[in-house]
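Chains, contacts and geometry: an overview
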Amino acid sequence: MSEMVEVLAGTSLFLLAFSLLIFDIPRYTLSLVSLALFSSKRRSASGTVCEATVSVIIPTFNGGSGLAPSISSLRRQTLRPVEIIVVDDGSTDQTRAVAERARAQGLVDMVICHGTRCGRSAAINAAARFARGDLLLTVDADTVFEPNAVERLAAAFGDPLVAGASCNIAISNERDSIWTGLQSVEYLMSITAGRSILDVVDAIACLSGACSMYRRDIFTQQGGLDVGPGEDMEYTLRLRRLGYVIRFVSDAWAETAGPASGISLLRQRARWDRDALRIRFMMYGELSFRHPLERLPDTIQRLDFIFFDLVPTLSLPFYLAYIVLLFGPDAVLFLSAIYLLLLWISVFTMALVFALFQRSVGNFGWKMALIFPLYQGVYLKCARFFSYSSEIIFASSRNDDFVPPRVRRALFGQKRWPNDGGPDATRSAYSRSYREPSARGRTDRPRRLCDNRIRHTRILCRLFREANSLSRRPGQRVLAKIFGFTAVHRADQQHHRGERWIGQGRRRNRKGAVSAAR
């Protein structure tokens, strides 16, 4: 121990500060300390009475096991939803039977069944067309709410500028494995602590996919969710660019199930990290340090990602190489000293969370805190580094299986070749030209496929720059055309003509069905 103290004492303050910054944990500690100092400015809508009506949308794909508890928790709310809409997005398990049984019992008002999987965004967009409430609450099938969560979420919309809000999330299966226990501690720090301070400065960058609430009129006017990867972050950033306010309601709690194995956790985080990098930098160009007409909260949320997430992650291998070259045989001793320091900081952070939010992770969570610095600073940091690298080099989010293959082909210009060895083999054309064989054996003229989402983003940015000269209503019509249902419709029309697709005023229904109790 004395040797570790000597090594830390001989280290420069800059290297010590960067060593703590690169492993994330002090970031949340600073957030909590700032929140405690400025607690008088902490916003709370718990005392506000909301008269708006809420429609709940539950999109699910093979989520029948968690659907019934989620519906039951919604029926126990102090602010009762006017309707609950379940969208079975082509499930192959008992999801449809569970949803129909709940509808027969009067617990669910509408069940929409897709013949084949269209994606989470398409499911929510389809249900939003039938919703009657002033507010839309989108919920994952495994999310369970506390009795006052919906009321507190809806109270945040007392401000007419608020277009979206998300609640506080905890892990419901924290005792299932060591991975869920670590996620429970992580959610307590990153969501409860991190987003609370970002909410104070109006810098929330992403509405949680597990539980988010939107204004229905704004949601429909802006075309709904993007059908590509990372739809929750894309829609949040779109609303921010349009001048709306995004809220995080820390006293509205919900629980969701986390991945129980290390491999499932890596797959989930790889998808989140790739989507975040692609949406922020390719679609919205947030890598630059100055944006014209950008508000201060937007600058804060953008620089928060760059300086506390992107730079430390990409610097990790260079940092480790520098430590080895600088300390030589004492590198392990230095890193061990840093780990003990991070361990003390993480325990202190958890105590601050308990004091500020009266929320604890239990005895199992406190035990997981002993290895949390290793989980947060090494395991997830290395996974994030590989995710960012694969996205920068290979654009891996294009092959995200969270989005159905036919939707990916419509979005990213991927063409299926007839003799390439399988139905899932595609040839992606990021910026290359090729000749596609025609049915009669002739070759069509060379076609240069471009990334549709990048083109849409350029149009969107031009609308933002011309916001002073455009009225809101024409701009909203253009945005609705850009980010509406066009991509899904094109995919359905080209590849699944006989299936149900939701268009603008036109519907086909052969394999899908809509059942409602009116």
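Structural notes on the overall build of the protein chain
Looking only at helices and strands, the protein chain features 19 helices and 15 strands. Taking all 518 residues of the protein chain together, 55% fall into the buried category. Within the protein chain, contacts between residues separated by at least 24 positions form 77% of all contacts whose residues are at least 6 apart in sequence. Total accessible area on the protein chain stands at roughly 23,400 Å², and carbon and sulfur atoms take up 57% of it.

Looking at the environment of Ser360
For Ser360, the position within the fold is in the loop between helix 13 (331-357) and helix 14 (362-368). On the accessibility criterion, Ser360 (36% relative accessible area) is partly exposed. Taking C-alpha positions, Ser360 is 7.8 Å from Met350, a pair spaced ten residues apart along the chain. Apart from the residues within four sequence positions on either side, Ser360 is in contact with Phe354 and Trp366.

Focus on the pattern of salt bridges
Scanning the model with the defined rule gives 14 salt bridges in all. Among the salt bridges present, the one from Glu286 reaches Arg280, with a minimum N-O distance of 2.8 Å. Pair check on accessibility: Glu286 and Arg280 agree, each one buried. Here the salt bridges do not stand alone but share partners, grouping Arg120, Asp140 and Glu231 into one network.

Notes on helix 11 (residues 262-283)
The end-to-end C-alpha distance of helix 11 is 30 Å, a good match for the 32 Å that 22 residues give at a rise of 1.5 Å each. The buried count for helix 11 comes to 16 of 22 residues, which makes it a mostly enclosed element. Positive backbone phi, approximately 55°, marks Gly285, located one or two places after helix 11.

Thoughts on the packing of helix 11 against helix 12 (residues 296-327)
Relative to each other, helix 11 and helix 12 sit at 130°, their axes nearing to 13 Å. Relative to helix 12, the element helix 11 lies oblique. Seen along the crossing, helix 11 lies across helix 12 with a hand that is left-handed. Each of Leu277, Arg280 and Phe281 in helix 11 lies in contact with helix 12, whose residues at this interface are Gln301, Arg302, Phe305, Ile306 and Leu310. By residue class, the composition of the contact of helix 11 with helix 12 is five nonpolar, one polar and two charged.

Here we look at the side chain of Thr95
Tracing the chain through its elements places Thr95 in helix 5 (residues 95-104). Polar side-chain contacts of Thr95 include one of 2.5 Å to the side chain of Asp93. Dropping the residues within four chain positions of it, Thr95 is found in contact with Thr60, Asn62, Gly63, Gly64, Leu67 and Asp88.

Looking at the packing of aromatic side chains
Two descriptors summarise a pair of aromatic rings, namely the distance from one centre to the other and the angle between the planes of the rings. Scanning the model with the defined rule gives twelve aromatic pairs in all. Between Trp344 and Phe348 the ring centres are 5.7 Å apart and the planes differ by 0°, which places this aromatic pair in the stacked class. Placement of both Trp344 and Phe348 in helix 13 is noted, with a separation of four residues, approximately one turn of the helix. Ring pairs connect the aromatic residues Trp179, Phe372, Tyr375 and Tyr379, which therefore count as one cluster. Here the guanidinium or amino end of Arg271 rests over the ring plane of Phe402, the centre of that ring lying 4.3 Å away. Directly above the ring of Phe305 sits Arg280, whose terminal nitrogen or CZ lies 4.4 Å from the centroid.

A few points about the side chain of Glu391
Mapped onto the secondary structure, Glu391 falls in helix 15 (residues 372-394). It turns out Glu391 is buried and unbridged, and the closest side chain with the opposite charge, Arg274, is 4.7 Å from it. With near-sequence residues (within four places) excluded, Glu391 lies in contact with Arg274, Leu277, Arg278, Met282, Ser396 and Ser397.

Structural notes on the environment of Val139
Mapped onto the elements of the fold, Val139 is located in strand 4 (residues 135-139). Contacts of Val139, omitting those with residues within four sequence positions, involve Val56, Ile57, Ile58, Pro59, Ser70, Phe145 and Ala210.

What to know about the pairing of strand 4
The buried fraction of strand 4 amounts to five of the five residues, a majority that puts the element mostly inside the structure. Side chains of strand 4 alternate between two faces, with Leu135, Leu137 and Val139 and Leu136 and Thr138 buried alike. By the bridge criterion, four bridges tie strand 1 (residues 54-60) to strand 4 in an arrangement that is parallel. When the bridges of strand 4 are listed, Ile57 appears paired with Thr138. Pairing of strand 4 with strand 7 (residues 211-215) involves five bridges; the strand directions are antiparallel. Within strand 7, the position partnered with Leu136 by the bridge is Tyr214.

Observations concerning unusual backbone geometry
The phi dihedral of Asn62 is positive, around 55°, even though this residue is not glycine. Tracing the backbone shows Asn62 in the loop between strand 1 and helix 4 (64-75). Despite not being glycine, Ala395 has its phi angle at roughly 50°, a positive value. Mapping Ala395 onto the fold places it in the loop between helix 15 and helix 16 (405-412). In this structure Ala395 comes out as buried when scored by relative accessible area, which is 6%.

Notes on a nonpolar patch on the surface
Together, Ile178, Leu370, Ile371, Leu374 and Val378 line one region of the surface with nonpolar side chains, adding up to about 400 Å² of accessible area. Tracing the sequence through the fold places Val378 in helix 15. By relative accessible area, which is 37% here, Val378 ends up partly exposed.

How each quantity is defined
Residues numbered from 1 in each chain as written. Predicted model: local features only at pLDDT ≥ 70, side-chain atom pairs only at ≥ 80, totals over all residues. Heavy atoms only, no water. Helix = DSSP H or I, 4+ residues; strand = E, 2+ residues; numbered from the N terminus. Buried < 20%, exposed > 50% of the residue type's maximum accessible area, 1.4 Å probe, protein only. Contact = heavy atoms within 4.5 Å. Areas by Shrake-Rupley, 256 points an atom, 1.4 Å probe, with all protein chains shown as cover. Salt bridge = Lys/Arg side-chain N within 4 Å of Asp/Glu carboxyl O. Expected span 1.5 Å × (residues − 1). Axes fitted to C-alpha atoms, helices over the stretch in contact; angles between N-to-C directions. Parallel < 35°, antiparallel > 145°, perpendicular 65-115°, else oblique. Left-handed = near helix turned anticlockwise from the far one by under 90°. Nonpolar A, V, L, I, M, F, W, Y, C, P; charged D, E, K, R; others polar. Polar contact = N/O pair within 3.5 Å; in protein donor to acceptor, adjacent residues only side chain to side chain. Phe/Tyr/Trp six-rings, centres within 6.5 Å; stacked < 30°, edge-to-face > 60°. Lys NZ or Arg CZ within 6 Å of the ring centre and 35° of its normal. Lys, Arg positive; Asp, Glu negative; His and termini not counted. Pairing = 2+ DSSP bridges. Patch = residues over 30% accessible without salt bridge, like charges linked within 9 Å, V, L, I, M, F, W, Y side chains within 5 Å.

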